[in-house]
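Close look at the chain arrangement
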Amino acid sequence: MVIVVFLSRYNALTVTSLFCRCKDKSYRTDLPVASVIICFYNEALSALLRTVHSVLDRTPARLLHEIILVDDDSDFDDLKGELDEYIQKYLTGKIKVIRNTKREGLIRGRMIGAAHATGEVLVFLDSHCEVNVLWLQPLLAAIREDRHTVVCPVIDIISADTLAYSASPVVRGGFNWGLHFRWDLVPLSELEGPEGATAPIKSPTMAGGLFAMNRNYFNELGQYDSGMDIWGGENLEISFRIWMCGGKLFIIPCSRVGHIFRKRRPYGSPEGQDTMTHNSLRLAHVWLDEYKEQYFSLRPDLRTRSYGNISERVELRKKLDCKSFKWYLDNIYPEMQVSGPNAKPQQPIFINRGPKRPKVLQRGRLYHLQTNKCLAAQGRPSQKGGLVVLKACDYGDPDQIWIYNEEHELILNNLLCLDMSETRSSDPPRLMKCHGSGGSQQWTFGRNNRLYQVSVGQCLSVVDPLSPRGSVAMAICDGSSPQQWRLED
Ligand SMILES: *[C@@H]1O[C@H](CO)[C@@H](O)[C@H](O)[C@H]1NC(C)=O
């Protein structure tokens, strides 16, 4: 049996100067020990082993209590005997394998793993990760300081095609009223403390796959909602519960874990049910109070949809004496826009911003380096919902002029904002009215001339550089030629 484990030993070098300041930090030696829980379902054996090896290689043995692998009734043969044999032959006695006899899904799978864990801290990882050097100490240090603190590492990007590792910008978790997770830029005020960009960042929500939490606190706080199926929504549910019931949630910029991003989610549900909707409904009914109307106004079809029995979770919320969702919005996520009767005083939309119009940082053509073409509206630039495509650059044409402003918006011809649907990330970006609330309309220019969409965490890419259609779409950032752009005067 030959198993190739892809471990890029020099990944630490690729992380930016932020990492240098992180390297200067020291951590106390009496940190709590961790149980690392990894659930997998039909994972590539090499990806799973890459995850396990990186944890073993890059975690001080005294801090690693155990690694618990939860096999969620996978079909692949090599995840059975071959995996057991490999563990027995090459890996230390710290690894436990638990095999579910039927599909439980990621949510109940994590609860099963946690029930078998005996370390003081639980660390949940996806099964296709590579932890970076010094990844665990910053997480454990924050939890040691306050056991009601839940922490997430920064999720770096590993390309599914090349396995190349690249650092992500530091962003924090948010959500939209479709109850989809999104990334937000970190407000500058959060980065201006004495520790600067290495300090923990308060995050309204977590992405879900990677986090660490005191084990007893996980149990006291009600683990997960076991009425949720397979996958989806559980990350928002636990995030709201943490904040509303007296805990805190942070992203730790000095802890970095690479994650392989794939186009297709392998963790599908057995009969292809829409578990995301079922789970979101449960969380809306338990946690959102009057704000569930925000969700139903986007999804009126769900008003009467059944969501099972939530009485235990409602009881839990009472028992833990949790605060209201209004408190959460006011105190933890004041940036969230609310419409209808619960609306806060609205931030004016772009057209009406008047004197508060955000400062223009740059103005010019959005030039695609590989094709020598420019990004423009497919139809009229004033057409709301219109697509953008590559066209021959026309230096006299105001319809090809983009403004990039301090809100990180890209505005074409002074009219509409480049917008990426947060609910259907397979859709291409479109031109929409500027809403001024970040998220789907926030873009940043980064390394390798990339144009990064903050809320979906992907880069703008030309679908087929040889095609005259010039279609663009969002894709996992990989630094390739189709993803290179420059805003030129
Ligand atoms: C819902 O669950 C609770 C306890 O989990 C139970 O007491 C109650 O009877 C259930 N309600 C319905 C309608 O099944």
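To keep things clear, this report deals only with the structure shown in the data block. Computed from a predicted structure; not experimentally measured. (Residues numbered from 1 in each chain as written. Predicted model: local features only at pLDDT ≥ 70, side-chain atom pairs only at ≥ 80, totals over all residues. Heavy atoms only, no water.)

Turning our attention to the state of the cysteines. A full pass over the atoms with the stated rule returns 5 disulfides. In this model Cys 22 forms its disulfide with Cys 254; the gap between the sulfur atoms is 2.0 Å. With the S-S bond torsion at -80 degrees, the cross-link from Cys 22 to Cys 254 turns out left-handed. One end of the pair, Cys 22, is in helix α2 (residues 17–23); the other, Cys 254, is in strand β12 (residues 248–261), with 232 residues separating them in the sequence. (Disulfide = S-S within 2.5 Å. Helix = DSSP H or I, 4+ residues; strand = E, 2+ residues; numbered from the N terminus.)

Turning our eyes to something else, we now look at the side chain of Arg 110. Residue placement: Arg 110 occurs in helix α5 (residues 105–116). Among the polar contacts listed, one links the side chain of Arg 110 to the backbone oxygen of Gly 208, at a separation of 3.3 Å. Those residues within four positions of Arg 110 in sequence are excluded, and the remaining contacts are Cys 39, Phe 124, Asp 126, Gly 208, Gly 209, Tyr 224 and Glu 234. (Polar contact = N/O pair within 3.5 Å; in protein donor to acceptor, adjacent residues only side chain to side chain. Contact = heavy atoms within 4.5 Å.)

This part takes up helix α8 (residues 234–244). Counting buried residues in α8 gives 11 out of 11 residues, a clear majority hidden from the surface. Looking only at α8, the buried set comprises Glu 234, Asn 235, Leu 236, Glu 237, Ile 238, Ser 239, Phe 240, Arg 241, Ile 242, Trp 243 and Met 244. (Buried < 20%, exposed > 50% of the residue type's maximum accessible area, 1.4 Å probe, protein only.)

On to helix α6 (residues 136–145). Burial within α6 is extensive, with 8 of its 10 residues counted as buried. Buried within α6 are the following residues: Leu 136, Gln 137, Pro 138, Leu 139, Leu 140, Ala 141, Ala 142 and Ile 143. Against β1 (34–40), β4 (121–125), β6 (149–159), β11 (211–214) and β12 lie the buried residues of α6.

Taken together, Asn 309, Ser 311 and Glu 312 make up the full set of residues near the ligand. With respect to the ligand, the side chain of Glu 312 contributes an N or O atom lying 3.2 Å from an oxygen atom. Its free accessible area being 360 Å², the ligand has 25% of it covered by the protein chains. (Near = heavy atom within 4 Å. Areas by Shrake-Rupley, 256 points an atom, 1.4 Å probe, with all protein chains shown as cover.)

Next up on the list: unusual backbone geometry. In this structure, Gln 223 takes a positive phi of about 45 degrees despite not being glycine. Assignment of secondary structure puts Gln 223 in the loop between α7 (215–220) and α8. The phi angle at Asn 372 is positive, at roughly 60 degrees, despite the residue not being glycine. Tracing the chain through its elements places Asn 372 in the loop between β13 (360–368) and β14 (373–377).

Moving on: the packing of aromatic side chains. Applying the stated criterion across every chain, the model contains 17 aromatic pairs. Geometrically, the ring pair formed by Tyr 291 and Phe 325 is tilted, given 5.9 Å between the ring centres and 55 degrees between the ring planes. Pair noted here: Tyr 291 is in the loop between α9 (275–287) and α10 (292–298) and Phe 325 is in helix α12 (residues 325–331), with a separation of 34 residues, a long-range link. Neither Tyr 291 nor Phe 325 differs from the other in exposure class; each is buried. An aromatic cluster is built from Phe 175, Trp 177, Phe 240, Tyr 291, Phe 325, Tyr 328 and Tyr 333, whose rings are joined through pairwise contacts. Seen from the ring of Tyr 41, Arg 103 lies directly overhead, with NZ or CZ sitting 3.6 Å from the centre. (Phe/Tyr/Trp six-rings, centres within 6.5 Å; stacked < 30°, edge-to-face > 60°. Lys NZ or Arg CZ within 6 Å of the ring centre and 35° of its normal.)

In a beta sheet, neighbouring strands are held together by backbone hydrogen bonds and run either parallel or antiparallel to one another. With antiparallel pairing, 4 strands are arranged side by side in an open sheet as β20-β21-β22-β23. Each edge of the sheet is formed by a strand with only one pairing partner; in this case those strands are β20 (443–446) and β23 (472–475). Taken over all neighbouring pairs, the strand axes of this sheet differ in orientation by 40 degrees on average, direction set aside. (Pairing = 2+ DSSP bridges. Axes fitted to C-alpha atoms, helices over the stretch in contact; angles between N-to-C directions.)

This part takes up the nonpolar core. Within the largest apolar cluster, 103 residues are counted, with the highest numbers of intra-cluster contacts made by Leu 125, Trp 135, Phe 175, Phe 240, Phe 325 and Tyr 328. Once residues lying within four places of it in the same chain are set aside, the contact partners of Phe 240 are Phe 175, Thr 205, Leu 283, Trp 287, Leu 288, Phe 325 and Tyr 328. Counting residues in hydrophobic clusters, the runner-up holds 22 residues, among them Leu 366, Val 388, Leu 410 and Val 462. (Core = buried A, V, L, I, M, F, W, Y, C linked by side-chain atoms within 4.5 Å.)

Moving on, we come to the packing of helix α3 (residues 45–58) against helix α4 (residues 81–90). Where α3 contacts α4, the axes come no closer than 12 Å and their chain directions differ by 25 degrees. The angle between α3 and α4 falls in the class roughly parallel. Judged by the twist between their axes, the crossing of α3 over α4 is right-handed. Between α3, through Leu 45, Leu 48, Leu 49 and His 53, and α4, the contact on the second element is made entirely by Glu 82, Leu 83 and Tyr 86. For the contact of α3 with α4, the class distribution of residues is 5 nonpolar, 1 polar and 1 charged. (Parallel < 35°, antiparallel > 145°, perpendicular 65-115°, else oblique. Left-handed = near helix turned anticlockwise from the far one by under 90°. Nonpolar A, V, L, I, M, F, W, Y, C, P; charged D, E, K, R; others polar.)

With that settled, consider the side chain of Gln 483. Mapping Gln 483 onto the fold places it in the loop between β23 and β24 (485–488). We classify Gln 483 as buried; its relative accessible area is 3%. There is a polar contact of 2.9 Å between the side chain of Gln 483 and the backbone oxygen of Ile 476. Ignoring sequence-local partners within four residues, the contact set of Gln 483 consists of His 368, Asn 448, Asn 449, Arg 450, Leu 451, Cys 459, Leu 460, Ser 461, Ala 475, Ile 476, Cys 477 and Asp 478.

A word on the pattern of salt bridges. Where charged atoms from two side chains of opposite charge approach closely, those side chains can pair. Inspection of every chain in the model, using the stated rule, returns 27 salt bridges. Arg 99 is the salt-bridge partner of Asp 71, the closest N and O atoms lying 2.8 Å from each other. Residue Asp 71 is located in strand β2 (residues 64–71), and its partner Arg 99 is located in strand β3 (residues 95–99); the two are separated by 28 residues in the primary sequence. Here Arg 99 falls in the partly exposed class, since its relative accessible area comes to 28%. A salt bridge links Asp 330 to Lys 326, with the shortest nitrogen-to-oxygen separation between them at 2.7 Å. Linking Asp 330 with Lys 326, this pair stays in helix α12, spanning 4 residues, or about one helical turn. For Asp 330, a relative accessible area of 38% puts it in the partly exposed group. (Salt bridge = Lys/Arg side-chain N within 4 Å of Asp/Glu carboxyl O.)

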